[in-house]
Amino acid sequence: MGNMRVLLTGHDGYIGSVMARVLTGAGHAVTGLDTYLYEGCTFGDEPAPVPAIRKDVRDVTVADLRGFDAVIHLAALSNDPLGHLNERCTYDINHLGSVRLAAAAKKAGVPRFLFASSCSLYGAAGNQMLNEDAAFNPVTSYGTSKVLVEADVSKLADDTFSPTYLRNATAYGLSPRLRSDIVVNNLVGVAFTTGEIVMQSDGTPWRPLVHIEDISRAFLAVLEAPRGAIHNEAFNVREVVPGSVIKYLEGGGPDPRCYRVDCGKLSRHLPGFETTWDVRRGAKELYDGFVRYQLTREMFSSYTRIKRIQELLGTGRLDASLCWQPANAAAG
């Protein structure tokens, strides 16, 4: 397909700030849409700027979406602690907001809708290898919201509207909007700042992993794929710190989120796509970035998503529904 006009929600976030670069590098015209909860939470250089709409995904209108060839929807409350903070808000944003966005995109004549789903919808699945037809067993509101979106958005699919659901594994990798609350980033960051690798659980759960650049390239491959290969389809997407020792957190038991996924369907439908990162290379990228930007323990702890949200709530900049208060909406 030729160059496309793409609306990328969550473009200022951890994955979005990398995906915007990948999409524009491939020649696509990207417009971002973000409420900018993490504006200023920069690690290293600022993300490359793209034209953007400053708006909560819950407030997007049909008019906002007219003229785009595709919507890539990343915006969400993105981890389990945020989901526990306000479950109702999680469903309002992650489930209802996503479905409303998809319906508005269809009404606006946008032919493609790429949804950032998650392998967390498989939940507690043990050692069995899971393909896209496996049963869902989410153990968190975040995982459940992904199940609900896929079910509801799939009903919108027709000859004019093609949704695709990319079930991403747990992300890792360096980003201008660094996150310290995901497993590989956390292990490398804690090791770098303390000299210890601290395991939060007992180390037994399976968890598939994927670098954020590979996630971005998977979305690019789906965006550019023939409609017949991706229409209303779901795809699983997955894939060194010297002088450190491993330390298990006292009292840490097995994490109930345990699953293994088979990603063969993605390569069958998109034979030109393959992931290029592995965890060893990704850990080295993180380590080199931490050295380059002189990461400290205090800096690293500030890149925890729930800490930022609690700070905004505590200062009254956000209300209980995680909407900006009027005096702060423009400033972020």
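For clarity, every value in this text was computed on a predicted model and none was experimentally measured.

Engineer: What is the right way to look at the pairing of strand S1 (residues 5-9) in this model?
Structural biologist: For a regular strand, side-chain orientation follows a simple rule: the groups alternate between the two sheet faces. Of all five residues in S1, four are buried, a share of seventy percent or more. Bridge count for S1 against strand S2 (residues 29-34) is five bridges, and the pairing is parallel. Across the sheet, the residue bridging to Val6 is Val30, located in S2. Read as a crossover between parallel neighbours, the route from S1 over helix H1 (residues 16-25) to S2 is right-handed.

Engineer: Please explain the packing of helix H6 (residues 183-194) against helix H10 (residues 279-292) as it appears in this structure.
Structural biologist: Packed helix pairs are specified by the crossing angle of their axes together with the interaxial distance, meaning the distance between the axes. The interhelical angle for the contact between H6 and H10, taken along N-to-C directions, is 45°, at an axis separation of 10 Å. Regarding the angle of H6 to H10, the classification is oblique. Both H6 and H10 take part in a crossing whose hand is right-handed. For the pair H6 and H10, contact is made by Val184, Asn185, Val188, Gly189 and Phe192 and by Val279, Ala283, Leu286, Tyr287, Phe290 and Val291, respectively. Looking at the contact of H6 with H10, its residues break down into nine nonpolar, two polar and no charged.

Engineer: Just checking my understanding: could you explain the packing of H1 against helix H7 (residues 212-224) for this structure?
Structural biologist: For the pair H1 and H7, the least separation of the axes is 9 Å and the interaxial angle reads 45°. What the angle tells us is that H1 and H7 run oblique. By crossing handedness, the relation of H1 to H7 is classed as right-handed. Seen from H1, the contacting residues are Val18, Met19, Arg21, Val22 and Leu23; seen from H7, they are Ile212, Glu213, Ile215, Ser216, Arg217, Phe219, Leu220 and Leu223. Its residues assigned to classes, the contact of H1 with H7 comprises nine nonpolar, one polar and three charged.

About the criteria used
Residues numbered from 1 in each chain as written. Predicted model: local features only at pLDDT ≥ 70, side-chain atom pairs only at ≥ 80, totals over all residues. Heavy atoms only, no water. Buried < 20%, exposed > 50% of the residue type's maximum accessible area, 1.4 Å probe, protein only. Helix = DSSP H or I, 4+ residues; strand = E, 2+ residues; numbered from the N terminus. Pairing = 2+ DSSP bridges. Right-handed = clockwise from strand over helix to strand, strands pointing away. Axes fitted to C-alpha atoms, helices over the stretch in contact; angles between N-to-C directions. Parallel < 35°, antiparallel > 145°, perpendicular 65-115°, else oblique. Left-handed = near helix turned anticlockwise from the far one by under 90°. Contact = heavy atoms within 4.5 Å. Nonpolar A, V, L, I, M, F, W, Y, C, P; charged D, E, K, R; others polar.

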